[in-house]
Amino acid sequence: MNVYEMVAKRGDTPAVALGFFDGFHIGHKKLFEVLDANARGRKKVVFTFKNHPDNLLGFNIKYILTNEERLEFFRNYSIDDVYFIEFNKKIMQMDKDRFIEEILIDKLNVSVVVVGYDFTFGYMAEGDSKYLCEKLHQFGRKCIVIDPVMYQEHIVSSTLIRRLILEGNIKLANCMLGFNFFINGTVKRGNRLGKKIGFPTINIKFDKEKIVPRKGVYITNTIIDDKRYLSITNVGTNPTVSASENIKIETHILSVDKNMYGKRVKIEFIDFVREEKKFSNIDELKNQIAKDVEYVKTLFCKANI
Ligand SMILES: Cc1cc2nc3c(=O)[nH]c(=O)nc-3n(C[C@H](O)[C@H](O)[C@H](O)COP(=O)(O)O)c2cc1C
Ligand SMILES: Nc1ncnc2c1ncn2[C@@H]1O[C@H](COP(=O)(O)OP(=O)(O)O)[C@@H](O)[C@H]1O
């Protein structure tokens with residue numbers, strides 16, 4: 001897969017998906033399946049942005065997927081080329097017709113474009129999917145709009161999934177993602193208290209752009225050296241032992257006892273267990289962690305872990 005930061009004139013007539021695709025949720029998957037079905041031997045191309053347009057407008061959206069992770073999903077869907085464009089003032093102020101004529105027609109020379117039902121583009125988001133398709137049809141190009149994909153009574157969207165993650169509703173978020181929400185990182189050193197109290201934890205150094213679930217204890221899977229382990233993760237400030245406001249992610253892996261400093265890990269979030277608490281002493285914290293671990297073990301019926 002080629003990743004381009006600028007759009008140059010193409011010699012072919014690709015099938016193009018337009019969108020940001022944070023989360024690569026079940027709605028995005030549908031869109032990519034339709035792209036695949038309509039490519040018919042043509043190159044499959046994604047036109048997307050590196051940074052979320054709303055962040056240029058002063059919002060501070062944290063991402064479900066980092067840029068690298070988002071590119072990895074495109075790669076797994078056998079996308080040939082990605083236009084990974086910085087969303088800046090110049091792009092923001094681009095008129096909707098110029099976007100269609102200069103980028104989609106002159107440069108990309110699209111044969112077919114696939115977008116979601118709520119796609120907007122051009123200055124002040126003046127262009128929508130209906131307008132895009134009308135215009136593309138005038139140029140003799142195909143345009144497909146994907147209907148909203150539902151999960152139960154909800155329209156699946158990146159915005160809704162971000163909210164669910166922030167609320168700790170990981171189960172519902174995962175249903176809409178079609179995979180377990182995960183945080184990748186490397187294992188760094190902590191305060192060495194974990195081992196002392198009988199529950200060593202890997203402290204995860206993660207990308208600051210990544211969305212972090214609500215503070216609390218979660219059932220997780222930890223993937224390390226291509227192996228998957230049942231684990232339990234605390235997201236929070238460790239108020240019992242620390243006065244810092246920094247959010248930490250710490251994972252105790254069941255049935256493992258080895259040094260993991262410096263390793264790359266993937267923490268998959270499965271379900272919320274309880275809120276993080278400030279205990280009056282370390283013994284109380286230790287007793288609670290022991291209960292948390294027992295709870296996870298019985299939930300997975302692995303009495304011998
Ligand atoms: C399953 C689990 C639950 C935890 N729950 C809490 C909690 O409710 N309150 C708290 O202050 N710290 C909690 N912690 C974090 C511990 O304070 C932390 O793991 C311990 O201080 C060891 O830190 P260290 O790895 O930096 O040595 C929890 C940790 C784990 C693994
Ligand atoms: N079951 C386990 N879960 C997590 N870490 C473990 C486990 N067994 C051993 N370790 C190792 O112990 C370290 C954590 O011990 P801990 O006392 O909590 O130190 P730190 O405060 O540096 O995280 C981990 O980084 C890892 O190398």
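Just so we're clear, the structure is a prediction, and the values are computed from it rather than from any experiment.

A. Main features of the pattern of salt bridges. Summed over the entire model, instances satisfying the criterion amount to 17 salt bridges. A salt bridge links Asp22 to Arg162; the shortest N-O distance between them is 3.0 Å. Of this pair, Asp22 sits in the loop between strand E2 (15-18) and helix H1 (26-39) while Arg162 sits in helix H7 (residues 158-167), and the two are 140 residues apart along the sequence. The same class applies to Asp22 and to Arg162, which are both buried. Across the salt bridge formed by Arg214 and Glu275, the nearest N and O atoms sit 2.9 Å from each other. Within this pair, whereas Arg214 is found in the loop between strand E12 (202-206) and strand E13 (216-224), its partner Glu275 is found in the loop between strand E16 (264-274) and helix H10 (282-299), the two being separated by 61 residues in sequence. On the basis of relative accessibility, which here comes to 28%, the residue Arg214 falls in the partly exposed class. Owing to a relative accessible area of 48%, Glu275 belongs among the partly exposed residues under this scheme. One salt-bridge network, held together by shared partners, links Arg10, Asp12 and Asp81.

B. Region of the structure containing the state of the cysteines. Counted by the stated rule, this structure contains one disulfide. The disulfide bridge from Cys133 ends at Cys143, spanning 2.0 Å between sulfur atoms. Disulfide Cys133 to Cys143: torsion about the S-S bond roughly -60 degrees, handedness left-handed. Here Cys143 lies in strand E8 (residues 142-146) and Cys133 lies in helix H6 (residues 129-138), a separation of ten residues in the sequence.

C. Expanded view of the side chain of Glu276. Following the sequence through the fold, Glu276 ends up in the loop between E16 and H10. Lys215 is the oppositely charged side chain nearest to the buried, salt-bridge-free Glu276, at an N-O distance of 4.9 Å. Engagement of the side chain of Glu276 in a polar contact is seen with the side chain of Asn234, the distance being 3.0 Å. For Glu276, the side chain forms a polar contact with the main-chain nitrogen of Thr237, separated by 3.2 Å. Apart from residues lying up to four places away in sequence, Glu276 is in contact with Lys215, Gly216, Asn234, Val235, Gly236, Thr237, Asn238 and Pro239.

Cut-off values and rules
Residues numbered from 1 in each chain as written. Chains lettered and ligands numbered in written order. Predicted model: local features only at pLDDT ≥ 70, side-chain atom pairs only at ≥ 80, totals over all residues. Heavy atoms only, no water. Salt bridge = Lys/Arg side-chain N within 4 Å of Asp/Glu carboxyl O. Helix = DSSP H or I, 4+ residues; strand = E, 2+ residues; numbered from the N terminus. Buried < 20%, exposed > 50% of the residue type's maximum accessible area, 1.4 Å probe, protein only. Disulfide = S-S within 2.5 Å. Lys, Arg positive; Asp, Glu negative; His and termini not counted. Polar contact = N/O pair within 3.5 Å; in protein donor to acceptor, adjacent residues only side chain to side chain. Contact = heavy atoms within 4.5 Å.

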